[in-house]
Amino acid sequence: MTHLLHLDASARPNSLSRALGAEFATAWRAAEPDGAYTYRDLAAEPTPFIDAGWTELCDAVLAAGHTDLDELADLAVTPAQRAALTIVEPLLAQVLAADVILIGTPMYNYSIPAALKAWLDQITFPRMSLGHRRFVVVTARGGAYSPGAPKAAFDYQERYLRDFFAGHFAVTDTVFVNAELANAVHDPALAHLREAHESSLATARAEIRVLAEDYAR
Ligand SMILES: Cc1cc2nc3c(=O)[nH]c(=O)nc-3n(C[C@H](O)[C@H](O)[C@H](O)COP(=O)(O)O)c2cc1C
């Protein structure tokens, strides 16, 4: 049975990245009716920042030479390590149980929201491969960062996530769907870009439909 883990990271309840992530999840679940589905809202229920106990647990994992979820409990020996484990263990279990990990996220300050970074930090242990999992990242951005756009080089969101998943988790097929120029909807000074936003949105929605069916197989 295939398992979809769906995360949202936008601080805005009525958000574009949430809507697009929900479109993927709905299409995926329609195509995979027997699949398992787990949802977590990282903005409404934030994961705590890593703390001293987490770093001690990380050091213990490094010294042991492996990250095995079943053996993490044996490595957590101090009260601080055990407290960290109670946060980390369910987060890691959710990720390890999933085949497809869908992240809906806005671009904040050319990168990712702190809520998403806090989750990533929690699940970042040495020598942990998620290699056979597929990541789909659905983003909403106020501006445009596609190749050829004047600010293309400022896209630290896609580059960061792609490089991090590949470099740390050995995940090589992260797919990004980016809806751009969302600020044109609200900002009268950007009214001339509304059509370009609509076009970007339509392309994103079409990509999401195709991807969701593909990833359900
Ligand atoms: C704190 C904050 C920082 C932002 N930084 C950027 C940015 O660096 N580049 C950009 O294009 N848009 C930026 N935006 C605009 C959002 O990316 C845009 O509104 C997007 O649609 C938000 O997605 P959401 O509707 O899913 O929340 C920022 C918005 C906020 C609230």
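Small disclaimer: the values here were computed from a predicted structure and weren't measured.

Draft legend 1. Structural detail: the packing of helix 2 (residues 52-64) against helix 4 (residues 79-97). Closest axis-to-axis distance for the helix 2/helix 4 pair is 7 Å, and the angle between their directions is 90°. Judged by the inter-axis angle, helix 2 sits roughly perpendicular to helix 4. Facing Ala52, Gly53, Trp54, Glu56, Leu57 and Ala60 of helix 2, the residues of helix 4 in contact are Ala80, Gln81, Ala83, Ala84, Leu85 and Val88. Class assignment of the residues belonging to the contact of helix 2 with helix 4 gives a composition of 9 nonpolar, 2 polar and 1 charged.

Draft legend 2. Fine view of the site of the ligand. In the region of the ligand, 17 residues are neighbours, and Ser15, Ser17, Pro106, Gly142 and Ala182 sit closest. Examining the composition of the shell around the ligand, we find that 3 residues originate from one element, helix 1 (residues 16-31), more than from any other.

Draft legend 3. Up close: helix 6 (residues 156-169). Between its first and last C-alpha atoms helix 6 spans 18 Å; for 14 residues at 1.5 Å apiece the expected length is 20 Å, and the two agree. Of the residues making up helix 6, those classed as buried are Gln157, Leu161, Phe165 and Phe169. End-on view of helix 6: buried residues confined to an arc of 50°, all on one side of the axis. What points out from helix 6, more than 90 degrees from its buried face, is the exposed set Asp163 and Gly167. On its buried face, helix 6 is in contact with strand 4 (134-140).

Draft legend 4. Structural view of unusual backbone geometry. Residue Asn109 is not a glycine yet carries a positive backbone phi of 50°. Relative to the helices and strands, Asn109 resides in the loop between strand 3 (100-106) and helix 5 (114-122). Of note in the backbone geometry, Tyr110 takes a positive phi value of approximately 65° without being a glycine. Checked against the element boundaries, Tyr110 lands in the loop between strand 3 and helix 5. Given 16 C-beta atoms within 10 Å, Tyr110 falls into the partly exposed group.

Draft legend 5. Main features of the pairing of strand 4. With respect to burial, strand 4 is a largely interior element, 7 of its 7 residues being buried. Chirality of the crossover, the property in question, places the unit of strand 3, helix 5 and strand 4 among those that are right-handed. One ladder, built from 5 bridges, connects strand 4 with strand 5 (residues 175-179); its direction is parallel. Bridging across to strand 5, Val137 finds its partner in Phe176.

Draft legend 6. Main features of the sheet that holds strand 2 (residues 36-41). Overall, parallel pairing links the 5 strands, which are arranged 2-1-3-4-5 in an open sheet. Two strands lie at the open edges of the sheet, namely strand 2 and strand 5, each paired on one side alone. Ignoring which end each strand starts from, the neighbouring axes of this sheet average 15° apart. In terms of strand pairing, strand 3 meets strand 4 through 7 bridges, oriented parallel. Along strand 4, the bridge assignment pairs Ile103 with Val137.

What counts and how
Residues numbered from 1 in each chain as written. Predicted model: local features only at pLDDT ≥ 70, side-chain atom pairs only at ≥ 80, totals over all residues. Axes fitted to C-alpha atoms, helices over the stretch in contact; angles between N-to-C directions. Helix = DSSP H or I, 4+ residues; strand = E, 2+ residues; numbered from the N terminus. Parallel < 35°, antiparallel > 145°, perpendicular 65-115°, else oblique. Contact = placed C-beta atoms within 7 Å. Nonpolar A, V, L, I, M, F, W, Y, C, P; charged D, E, K, R; others polar. Near = placed C-beta within 6 Å. Expected span 1.5 Å × (residues − 1). Buried ≥ 20, exposed ≤ 12 C-beta atoms within 10 Å, placed from the backbone. Arc of directions from axis to C-beta. Right-handed = clockwise from strand over helix to strand, strands pointing away. Pairing = 2+ DSSP bridges.

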